[in-house]
Each structure stands twice: as C-alpha cells, then as structure tokens.
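Each chain is listed here by its residues.
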Amino acid sequence: MENVSSVTMKLPGSGNKMLKVLLICIIGLFLIYSFYIEPNRLTVTHITIKFENLNENLNGLTVLHLSDLHLNKIGKKEKKLIETVNQLNPDILVITGDFVNKREMVDDCIQMINKFRAKYGKWGVWGNNDHCMLNQKDKKKLAESEIVILGNENQSIAINQQNMWIIGVDDPVGGHDNLSRAMGGVPEEGFKLLLSHSPAIIEEAHRAGIELVLAGHTHGGQVYIPLISHLIVRLLRGKGYIAGLYSVGQTYLYVSRGIGTSILPLRAFCPPEITLIKLEKEKT
Ligand SMILES: [Fe+2]
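Basis of the calculations
Residues numbered from 1 in each chain as written. Predicted model: local features only at pLDDT ≥ 70, side-chain atom pairs only at ≥ 80, totals over all residues. Helix = DSSP H or I, 4+ residues; strand = E, 2+ residues; numbered from the N terminus. Buried ≥ 20, exposed ≤ 12 C-beta atoms within 10 Å, placed from the backbone. Contact = placed C-beta atoms within 7 Å. Pairing = 2+ DSSP bridges. Domains from an automatic or database assignment. Nonpolar A, V, L, I, M, F, W, Y, C, P; charged D, E, K, R; others polar. Axes fitted to C-alpha atoms, helices over the stretch in contact; angles between N-to-C directions.

1. Digging into the overall build of the protein chain
Okay, step 1: Of regular secondary structure, the protein chain possesses eight helices and twelve strands.
Okay, step 2: Once the C-alpha set of the protein chain is aligned to its principal axes, its extents read approximately 95 × 45 × 35 Å.
Okay, step 3: Here the protein chain, with 284 residues, has 40% of them falling under the buried criterion.
Okay, step 4: For the protein chain, the proportion of contacts with a sequence separation of at least 24, taken over those separated by at least 6, is 76%.

As structure tokens, then:
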C-alpha cells in the first residue's frame, strides 16, 4: 500500500515540474531568437506594381525601399545590408526616415548611405525619431551626404527622357508634414512617388493624385502577433497600415517592416526588410 500511494503522489508533481522546465526552455529559446537571431535576419521582398498611367519609358524601373534603419552600430548585419542593396542594383534608392538610434551614429550612417549604389540617386525623408534624436548640425550633415532629404519638397528626375517626381514630406507623426507645399510645381499628369515616414498620409496622398506612397514607422509591429499587433498599430501607429502593400483608389502604399528596432532591440515573426519594387505599365 505504501509503495502504491508514493507512486500516485509523485506522478502529478514530476509532471508539473517537466511542464515548467519545458515552458522555461520555450521562453528562453524565444527570447534568444527574438533578441539575437531575428533582428539580424535580413529579408528581401520583391514586388511588382502595375500602373495604368506609367509612361512606357519608366516601365521596369526599380525602387529599393529601406526604412527605419535605427542604426546602433556597423556590424555584420549592416555590412550584409550594403552588400545586398548593391547586389540588387536598384535604379532609385529611398529611405523613409528614422536613420539612427543615437547621435553618435550619424557619421557611420552617412558612410553606410554613401556605400549604397543606385543608378539615378538616393532620396529620403525625416522620421519622428530623427527629430527627437538629432540636432540641426546632425541633420545638416546627413542632408549633405549622398542622400537628398526632401523636407516638404520634390525633385524631378529624367529617366529615358521621361520625368518622374519624387516628393517627400517631413515627419507626419510630429505634424511636420505639408503635402501641398511638398507638391509645389508638380504637374498632375506626371508619375508621382511620395516618401513619408508614416503611412497615415495615404488618404491625403490619394486625394492629391499620388501614384505610389512608400512609408515605414510601424516596424511591422516589431513583434508580430496576429490581431493584437494590428490593434496596437491601429491605435498608435499608421492607422492600421501595418506592413505590406495596400491601395486606396488608384494610389498604392507600401509599408516597410524596416531594418532596425526601437524601444526594445528585438523582433519576432517580423524580420527586417529590404524591398525592391518594380514599376510596370498596366497593359489595357
Ligand atoms: Fe522607426
């Protein structure tokens, strides 16, 4: 009788202990993955977007989109980023804000940007983090690098004798954006690519007749939990445009998951993203 009772008393206890050990192991592995593996797992997304009003001369143009670099250091990941961008050989390179996580990284960030190669040039806009983190001197330095920072401005570029317009709004999160000023002098019929740190500008961009908006800011949720991440992003960031391709009427929006991290240096189910977008003429 004694033996039997001791066996029946021990089994549930050892079962609970096993379960606890298993749970601790799973949480431990999840934390190792989220802090040390996924933030460094650079991915490349290739997408093709078709536009009815794209001029034939712009057909096949590639735009490489980076966002939210949040640069902390130049390490293996950053070297891989430069190598991958240059292997993709884009026509145009854009960065939609949040360049560094600390002021001390401005010079390294400039060096990194200068190493990216893009046939027609590199353009960017400020994010909310840039306005918090950088002083005027830092911003001036960054803006004098090989990237053209568009602060409620636009620039036209001629590709195969056809002009297209790159328009950039200053950070909408802090209310620095002014789309009508940014679009000054842009003709209605030209192809218009809008850079904005936050995707929340999409409805306004649609009303302004923009063809393509590229944005970031959401980090794709950074830790992606279905429904919960969507709810958080809807409440706090970007009106629920969390990551990927959207359209409002004839206006397309691509929201990048970004490269770096903010608040906590972790990512889960939401790896860093380099996006290569090919513009194609819709055949009617
Ligand atoms: Fe960011």
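Following the structure, the description resumes.
2. Things to note about the environment of phenylalanine 191
Okay, step 1: In this fold, phenylalanine 191 is placed in strand S8 (residues 191-195).
Okay, step 2: Residue class for phenylalanine 191 comes out buried when judged on the 20 C-beta atoms lying within 10 Å of it.
Okay, step 3: A C-alpha to C-alpha distance of 34 Å links phenylalanine 191 and aspartate 107, two positions 84 residues apart in sequence.
Okay, step 4: If near-sequence neighbours (up to four positions away) are discounted, phenylalanine 191 is found in contact with Leu54, Asn55, Leu58, Met164, Trp165 and Glu211.

3. Examining the pairing of strand S10 (residues 244-248)
Okay, step 1: Of the pairings in the sheet, the one linking S10 to strand S11 (residues 251-255) comprises five bridges and is antiparallel in character. Within S11, the residue paired with tyrosine 246 across the bridge is leucine 253.
Okay, step 2: Taking the residues between adjacent antiparallel strands as the criterion, S10 and S11 are bridged by two residues, where glycine 249 takes a positive phi near 60 degrees.

4. Details of the domain arrangement of the protein chain
Okay, step 1: Annotation of the protein chain at the domain level lists domain 1 (1-40) and domain 2 (42-281).
Okay, step 2: If you average the C-alpha positions of domain 1 and of domain 2, the two centres end up 44 Å apart.
Okay, step 3: Opposite the five residues of domain 1 that make contact, domain 2 presents eight residues.
Okay, step 4: Tallied by class, the residues present in the side of domain 1 that touches domain 2 amount to two nonpolar, two polar and one charged.

5. Focus: the sheet that holds strand S3 (residues 92-95)
Okay, step 1: Taken in spatial order, the six strands make up an open sheet running S1-S12-S2-S3-S4-S5, and their pairing is mixed. Each having just a single partner strand, strand S1 (43-51) and strand S5 (147-149) make up the two edges of the open sheet. The average angle at which neighbouring strand axes cross in this sheet is 25 degrees, direction not considered.
Okay, step 2: Of the pairings in the sheet, the one linking strand S2 (residues 62-66) to S3 comprises four bridges and is parallel in character. Across the sheet, leucine 64 pairs through a bridge with leucine 93, a residue of S3.

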